Amino acid sequence: MKTLLPEPYKIKMIEPIRLVPAVERKARLKEAGWNTFLLNSRDVYIDLLTDSGTNAMSDMQWAALMVGDEAYAGSRSFERLEAAIRDVYGFKHVVPTHQGRGAEHLLSKSWIKPGQYVAGNMYFTTTRAHIELAGGIFEDVIVDEAHDPRAEAPFKGNVDLGKLERFLDRVGPQKVAYVAIGCPVNMAGGQPVSLENMTATAALCRRRGVRVVMDGARAVENAAMIRAREAAWKGRPVAEILKEMCRQVDAMAVSAKKDAYVNIGGFLATDDDGLCESAQNLCVLFEGLHTYGGLAGRDLEALAVGVREMVQDEWIEHRLAQVAYLGERLDAEGVPVVKPFGGHAVFVDARAFLPHLESDDLPAQALAAWIYEACGVRAMERGVVSAGRDDRGRNRRPSLELVRLTLPRRVYTQTHLDYVAREIGALHRRRAELPGLRFVKEPKHLRFFQARFEPVPARVGAA
Ligand code: F0G
C-alpha cells in the first residue's frame, strides 16, 4: 500500500467531533428511520455523507468573505467571480445560482422542449429530475463497463459512441435537446471520462447538429484523472486539461459545492448568447438577480478564490491520493470496493458485501445504516433507493448497488481514514448477521433524501 504524503496544509481552526456511545447510535438510527440523511450531524463522528458543500475553506477564502460586495445589482463580487470563471474554465457567460441544481433548472428549462430526449453517461439524481420536470426523457449511453463494479477500465465514465449514434439514428437529432456528459460520473463510482472520448462525442454531436453540455460538478477531479491515466495528457497541468474539456461543450452546469472548496454556490457557464439570455431571465424568477443568483456577495467572493485554488496541482493531487488511500485500506480489509478509485469517494459494493440480501432488501441503504450503527461514520446509499421509480411507478433497478464514502475536501486526516477502514473491515467480518431494510415512508421526489425505513427479518433460507 502506498503511503500518503502529508496533507498540504496545517490546521488553524478546529471543530470538535465526538463518537456517541453505541446504544445512543442505535437509538438515533431508529429515530432517523434508518436513513443516514435524517441523522443529526451532532450524532455523527466522521461524516462521509457527501463532499458537497462540506469543504474546509482556505485562509484566503475566509479573508475574501470580508470584501463581499452585498449590493443587490452589479456587485464587484460578481465581477471577480465572472473573471475567475472566464480565466479558469474559459466560458464567456456566467450565471450564478444558489447551487448546482439551480443551474440544472435554468439549463433544462431553456433548452428542453417537452417530449425531447437528453442522452447522457448515466443519470444523476437532481439532473434527471430537472430533465423530467422540463418534460424531457433521459437516455443512458454510458459504456457497459460502468455497470460492472469489478471492471478495472481507466475511463468507465466514457460515452459509448456506438450507443449514442444508434440512439441519434433511432429518434432523430431534432428530438434530442442535448447530450449531457457528466465528468466524472458520480453514480458510477466517480469514474472519469477521457478527453479522447469527450472530443469524439462532441464531434459526433456537431456532425448531427446536437448540442453538448457538461456536468462540471467535479470536472477538476476528472481532469486530474485524465492527467494520471490518459497517455496523451500524462503529467500536463490540470488547469490546461480542464480548459480543453470545456472547449468541447456548448454549456456547463456546475455545483460549485464540490471542486471549488466552498460551502454553497453553483453556476451555468456558456459561450452561447441565447442560452445566457434565457438563463439570466429565468434566474430572476427562481434564484435572484443574474449577478448574485441566490448567493450573498461574500459567497461569490469565496467562490472566486476557490475556483483559482482548485486547479493548483498539489491540492487536487493530494485529494486523489487521499481517496485512493482509503480505497486501498478498505481493499486490504477485504471490503468489496469499486475500482479503479474515483476522485471524490470510495464506493462499497453493497451487493457483494451483503450477498444474502435481495435487491428489495435495499442492501446499500441497509449497509449505510449498519456502518453508522457500528462506528458513527455516515455514508450514503447510491442504489435502488436513489434510482427512484420510473414513469409507470415501478422501482428502477440500477446495476450498481453502492454505498458511498465521500471525502469532504481538506477536512479529515489520515488517522480518520484509518479508523473508517478498520471499522468497516470489522463490520464486513460479521456481515452475515446484518439484515436488510424496507420502506415505511416514500416521498414522491428524490425519495432517498427523506424516506424512512425499518429492518426486515432475515428471509427464510438466507445465509
Ligand atoms: N451534478 C452532480 C454530478 C452532483 O454530484 C450534484 C450533487 C449535482 C449535480 C447537484 O448539485 O447539490 O449543488 O444542487 N451532488 C451531491 C452529492 C448532492 O452528494 O453527490 P447541488
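How each quantity is defined
- Residues numbered from 1 in each chain as written.
- Predicted model: local features only at pLDDT ≥ 70, side-chain atom pairs only at ≥ 80, totals over all residues.
- Heavy atoms only, no water.
- Near = heavy atom within 4 Å.
- Polar contact = N/O pair within 3.5 Å; in protein donor to acceptor, adjacent residues only side chain to side chain.
- Areas by Shrake-Rupley, 256 points an atom, 1.4 Å probe, with all protein chains shown as cover.
- Helix = DSSP H or I, 4+ residues; strand = E, 2+ residues; numbered from the N terminus.
- Nonpolar A, V, L, I, M, F, W, Y, C, P; charged D, E, K, R; others polar.
- Domains from an automatic or database assignment.
- Buried < 20%, exposed > 50% of the residue type's maximum accessible area, 1.4 Å probe, protein only.
- Lys, Arg positive; Asp, Glu negative; His and termini not counted.
- Salt bridge = Lys/Arg side-chain N within 4 Å of Asp/Glu carboxyl O.
- Contact = heavy atoms within 4.5 Å.
- Axes fitted to C-alpha atoms, helices over the stretch in contact; angles between N-to-C directions.
- Parallel < 35°, antiparallel > 145°, perpendicular 65-115°, else oblique.
- Left-handed = near helix turned anticlockwise from the far one by under 90°.
- Expected span 1.5 Å × (residues − 1).
- Core = buried A, V, L, I, M, F, W, Y, C linked by side-chain atoms within 4.5 Å.
- Buried area = accessible area lost by both parts, 1.4 Å probe.

Caption draft 1: Spotlight on the site of the ligand. By nearness alone, 17 residues border the ligand, and Thr50, Arg101, Asp215, Ser255 and Lys258 come closest of all. Between Asn186 and the ligand, the recorded distance is 2.8 Å, taken from a side-chain N or O atom to an oxygen atom. Taking 470 Å² as the accessible area of the ligand by itself, protein coverage stands at 95%. The leading source of residues in the shell around the ligand is helix H4 (residues 100–111), at 3 residues. Each residue belonging to the shell around the ligand can be placed in one class, and the counts come to 3 nonpolar, 7 polar and 7 charged. Taken domain by domain, the shell around the ligand gets at least three of its residues from each of domain 1 (22–51 + 313–455) and domain 2 (59–309).

Caption draft 2: Molecular detail of the side chain of Glu104. Examined against the element boundaries, Glu104 turns out to sit in helix H4. The side chain of Glu104 sits in the buried core without any salt bridge; Arg101 is the nearest counter-charge, 5.9 Å away. With residues up to four places along the chain from it excluded, the contact list for Glu104 reads Thr126, Thr127, His130, Asp215 and Ala253.

Caption draft 3: Here's a closer look at the packing of helix H8 (residues 219–229) against helix H9 (residues 238–247). It is the contact of H8 with H9, at a shortest axis distance of 9 Å, that shows an interaxial angle of 110 degrees. Classified by the angle between their axes, H8 and H9 sit roughly perpendicular to one another. The two elements H8 and H9 meet at a crossing, and its hand is right-handed. Here Ala219, Val220, Asn222, Ala223, Ala224, Ile226 and Arg227 of H8 come into contact with H9, specifically with Val238, Ile241, Leu242 and Met245. Tallied by class, residues from the contact of H8 with H9 come to 9 nonpolar, 1 polar and 1 charged.

Caption draft 4: The arrangement of the packing of H4 against helix H10 (residues 273–286) in detail. Taken N-terminus to C-terminus, the directions of H4 and H10 make an angle of 125 degrees; their axes are 9 Å apart at the nearest point. On the basis of the axis angle, H4 is oblique to H10. Considering how the two elements wind past one another, H4 and H10 form a crossing that is right-handed. Counted together, His105, Leu106, Leu107, Lys109, Ser110 and Trp111 of H4 and Leu275, Ser278, Ala279, Leu282, Cys283 and Phe286 of H10 form the full contact between these two elements. Residue classes in the contact of H4 with H10 are distributed as 8 nonpolar, 3 polar and 1 charged.

Caption draft 5: Representation of helix H11 (residues 297–309). Over its 13 residues, H11 runs 19 Å from end to end, which matches the ideal 18 Å to within 8%, given 1.5 Å per residue. Buried residues of H11: Gly297, Leu300, Glu301, Ala302, Leu303, Ala304, Gly306, Val307 and Glu309, and no others. Buried residues in H11 make contact with helix H2 (59–65), helix H3 (76–89), strand E2 (93–97), strand E8 (266–270) and helix H12 (313–332).

Caption draft 6: Here's a closer look at H9. For H9, the complete set of buried residues consists of Val238, Ile241, Leu242, Glu244, Met245 and Cys246. Contacts made by the buried residues of H9 are with H3, helix H7 (195–208), strand E6 (212–215), H8, strand E7 (251–255) and H12.

Caption draft 7: Main features of the nonpolar core. Ranked by internal contacts, the top residues of the largest apolar core, which has 65 residues, are Tyr89, Leu242, Met245, Phe267 and Met310. Two domains each provide a minimum of three residues to this core, namely domain 1 (22–51 + 313–455) and domain 2 (59–309). Counting residues in each nonpolar core, the second largest holds 52 residues, with Leu357, Cys375, Val377 and Leu417 among its members.

Caption draft 8: Layout of the domain arrangement of the protein. What the domain assignment lists for the protein is domain 1 (22–51 + 313–455) and domain 2 (59–309). Centre-to-centre separation of domain 1 and domain 2, based on C-alpha positions: 26 Å. The interface is formed by 32 residues belonging to domain 1 together with 40 residues belonging to domain 2. Contact between domain 1 and domain 2 buries roughly 2800 Å² in total, counting both sides, with carbon and sulfur atoms accounting for 52%. Contact with domain 2 buries area across many residues of domain 1, yet Pro340, Leu400 and Arg409 alone supply 19% of it, more than any other trio. Taken together, the links from domain 1 to domain 2 amount to 8 salt bridges.

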